[in-house]
Amino acid sequence: MNTTNTSTPSTRKIVRMLKSSKKISKLIPWYMLKAKINEYIPWKKSAWITSSLPVELLWGFDIFPLHPENNACVSGARKVSLDLIEYAESLGFCRDVCSYMKTNVGAYDKKISIKMGGIAKPDFVVTAGTICDTHVKWFQTQARRMNVPIYVFDVPHIVNHTSESTKKRYKDYVISQIYDFFDFMEDTIGKKMNEKKMLKTWENSRSLSDLWQKIYEYRKKIPTPVGYADTLGDIFPLVLLPGIKKGIKYFEDLLKEVEDYVALGKGILPKEEEKYRLMFEGIPMWYRIKFFHQLMNYGAIVTYEPYTFSFGPSRPYVDNLEDGLKVMADRMMYQPYIYNLSDRIAYFKDIIENYQIDGVLLHENMSCRPSCTGMYDLKQKIQQDLGIPVLLFTCDMNDPRAYAEEQMQTRIESFIEVLEQSKSKRLNS
Amino acid sequence: MYTVGIDIGSLATKIVLMKDGKIKALLENRSLHNFTAIGTQLFHQILKDNNLTSDDIGNIYSTGYGRHSISKLTSNIITEISAHARGAQYFYPKVQGIIDIGGQDSKVIKLNPKSSTVIDFQMNDKCAAGTGRFLEVMADALDIPIENLGNLALQSKSPVQISSTCTVFAESEVIGHFAQGTAKQDIAAGIHNSIAKRVASMVKRIQIVEPIVFCGGVALNPAVKIALENELKLKLLVPKYPQYIGAIGAALIAKERFKNGRV
């Protein structure tokens, strides 16, 4: 007899994902090994970089990229983030500060292994406040603590009614900063920009993004051949390897398997089990990835995430530096997370329609203001205009203290009941 | 046909026996530390009191925080959201919104005016402020029985303001007021206003409209109803047996889903 006071049922233990996605467990250690080797070779340079900045800026200079946010996710998934966050809080960083930042402070100071999310001291750091204002203060703080140079891009935000002429001036402003960054590289790091290498980097990056776009296109299929368990790992090459060939082979294998699945009508869940197709907005709770697997117990599968999609936007072929910089500036300025509300709503509507989404999950991320601002408006608009259920829940990306097991279980089960009623009503009508 | 709904809440477990969709018997007890034991005990008790055996029951559904704890006894589970929506409709078929304040959570449910199905819901964040537990802690701080808290608050002419949203800090605030010699009824009224503000913000987020049913154990407290009505500027309907709404809803859903066997 079960005598435990709990609302949590037993869950499916098998994680359903593509075979090719499992190869990420070889690609990540390859990157980690390279990072480790890089640390011990004096003439090899490395830099910390944040999301929203093109990693090609580093690969193009043969600088090894280290990504504190990526490493923080590793710490979260390895269940060590809380210890690191509490360490940072003991230094005075408050509870409300970004949990990625605090994880990074803890991971660096405590010198944890790279496998657990540890990160080496870089030769410099580069950041921007494009999608997150904390990025700037975070890197400023860490650059000071590590005594390394910092370069900060100032990327203007496009808001409602920003005119085309203003957008053009913004773009010119960003391009001028990229040239300024080239000077920074030469003056501070002693590396000159090599146009040929930069063009090759952009071309590799374009190939990687093209493959990602194709893979994503197949997620429109019913049943979907790619789930969130896949894309959560699959974004790794997009975060750190755009510009080199290593990630391309990984995506080619993935695309091939996806195409085979589609040809056979196979999905991550069998067609008869795929009851609800969901869109997930926000950064996942890295310490509780099981949440997304558990959804499949109810026949619910996440088939679109703006978060993973945004790492691999399509981009045109370029054969000269000037055009390449324009494309790069565009990419730095236009990202789903900085869309103004009306554009964001239009983006959601488009996805919901094209990917045949039955419901939306919105993660109100306690320590990430930028990613959850506007979510209530978004929720109301989706419900009003499209009539599909939306669940807004409060958690945190890397701080497990913000995840209440029993409350989340009740929310999910209730949401599934709402989805069931909503879908049968839509089918009947 | 008899059906049973069991609502295992964090503080209290409620059970309802229904016959052909009509209430036959109601029972409740503290949940304490063993959901399985309390759920099973109440089930056997209600059968015994009504001279029935388990074989007489067509379908049994559980709901509430401990809904998964008695899976050997029940045919199926239903969440508090669906159960409360159905239970509220039993008393008020035209209900469009529900406010349920239970022991450990509070929830607001929005219904589709045409189909009466749930279209949205909002639950309290990971915090006890705005729940029955908040009132229990405050009653302890004022050293009065929880049953008297509401009536005491209604005697106030000058409620104090309790500004902390955290239960623990609010308790310190209450003790501070007490130490300053503030009248107990004014502190009690401030406590009720505080819980009302908390729940009202959830109501406003999903924009429910009248008729609104107020249920859950806390609905037995008249001062919370008045404070909520003042805060929201609308009228709330408190059904008979407000604390049993979840169990009643579960028993009704058990009846509706019965198809030649327990499902």
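Criteria and cut-off values
- Residues numbered from 1 in each chain as written.
- Chains lettered and ligands numbered in written order.
- Predicted model: local features only at pLDDT ≥ 70, side-chain atom pairs only at ≥ 80, totals over all residues.
- Helix = DSSP H or I, 4+ residues; strand = E, 2+ residues; numbered from the N terminus.
- Rg over C-alpha atoms; globule rule 2.2 N^0.38 Å.
- Contact = placed C-beta atoms within 7 Å.
- Axes fitted to C-alpha atoms, helices over the stretch in contact; angles between N-to-C directions.
- Parallel < 35°, antiparallel > 145°, perpendicular 65-115°, else oblique.
- Nonpolar A, V, L, I, M, F, W, Y, C, P; charged D, E, K, R; others polar.
- Pairing = 2+ DSSP bridges.
- Expected span 1.5 Å × (residues − 1).
- Left-handed = near helix turned anticlockwise from the far one by under 90°.

### So, the overall build of chain A
Piece 1. Assigned secondary structure in chain A consists of 17 helices and 8 strands.
Piece 2. In terms of overall size, chain A behaves like a compact globule, its C-alpha atoms giving a radius of gyration of 22 Å where 429 residues would be expected to give roughly 22 Å.
Piece 3. Considering only C-alpha atoms, chain A reaches an extent of 65 × 50 × 40 Å along its principal axes.
Piece 4. Within chain A, contacts between residues at least 6 apart in sequence are counted, and of these 77% link residues at least 24 apart.

### Topic: the packing of helix α4 (residues 146–154) of chain B against helix α7 (residues 222–232) of chain B
Residues and elements named next belong to chain B.
Piece 1. At a closest axis distance of 7 Å, the pairing of α4 and α7 adopts a crossing angle of 50°. Between α4 and α7, the angle falls in the class oblique. Two secondary-structure elements touch here, α4 through G150, A153 and L154 and α7 through P222, A223 and V224.
Piece 2. Of the residues belonging to the contact of α4 with α7, the class tally is 5 nonpolar, 1 polar and no charged.

### Describing the sheet that holds strand β4 (residues 150–153) of chain A
Residue and element names in this part refer to chain A.
Piece 1. Spatially, β2-β1-β3-β4 is the arrangement adopted by the 4 strands of the open sheet, whose pairing is parallel. In the strand order of this sheet, the two ends are held by β2 (64–66) and β4, each with one partner. On average, each strand axis in the sheet is tilted by 25° relative to the strand beside it, whichever way the strands run.
Piece 2. Two elements, strand β1 (residues 46–49) and β2, share 3 bridges in a ladder whose sense is parallel. Opposite A47, over in β2, you have P65 as the bridge partner.

### Some thoughts on helix α7 (residues 164–189) of chain A
Piece 1. Between its first and last C-alpha, α7(A) extends 36 Å over 26 residues, near the 38 Å set by a 1.5 Å rise per residue.
Piece 2. Looking one or two places after α7(A), you find A:G190, whose phi comes out positive at around 80°.

### Some remarks on the packing of helix α1 (residues 24–40) of chain A against helix α9 (residues 228–240) of chain A
Residue and element names in this part refer to chain A.
Piece 1. In contact at an axis separation of 9 Å, α1 and α9 are set at 30° when each is read in the N-to-C sense. By the criterion of interaxial angle, the relationship of α1 to α9 is roughly parallel. The interaxial crossing formed by α1 with α9 has left-handed handedness. Listed contacts from α9 to I24, L27, I28 and Y31 of α1 are G233, D234, F236, P237 and L240.
Piece 2. The residue inventory of the contact of α1 with α9, partitioned by class, reads 7 nonpolar, 1 polar and 1 charged.

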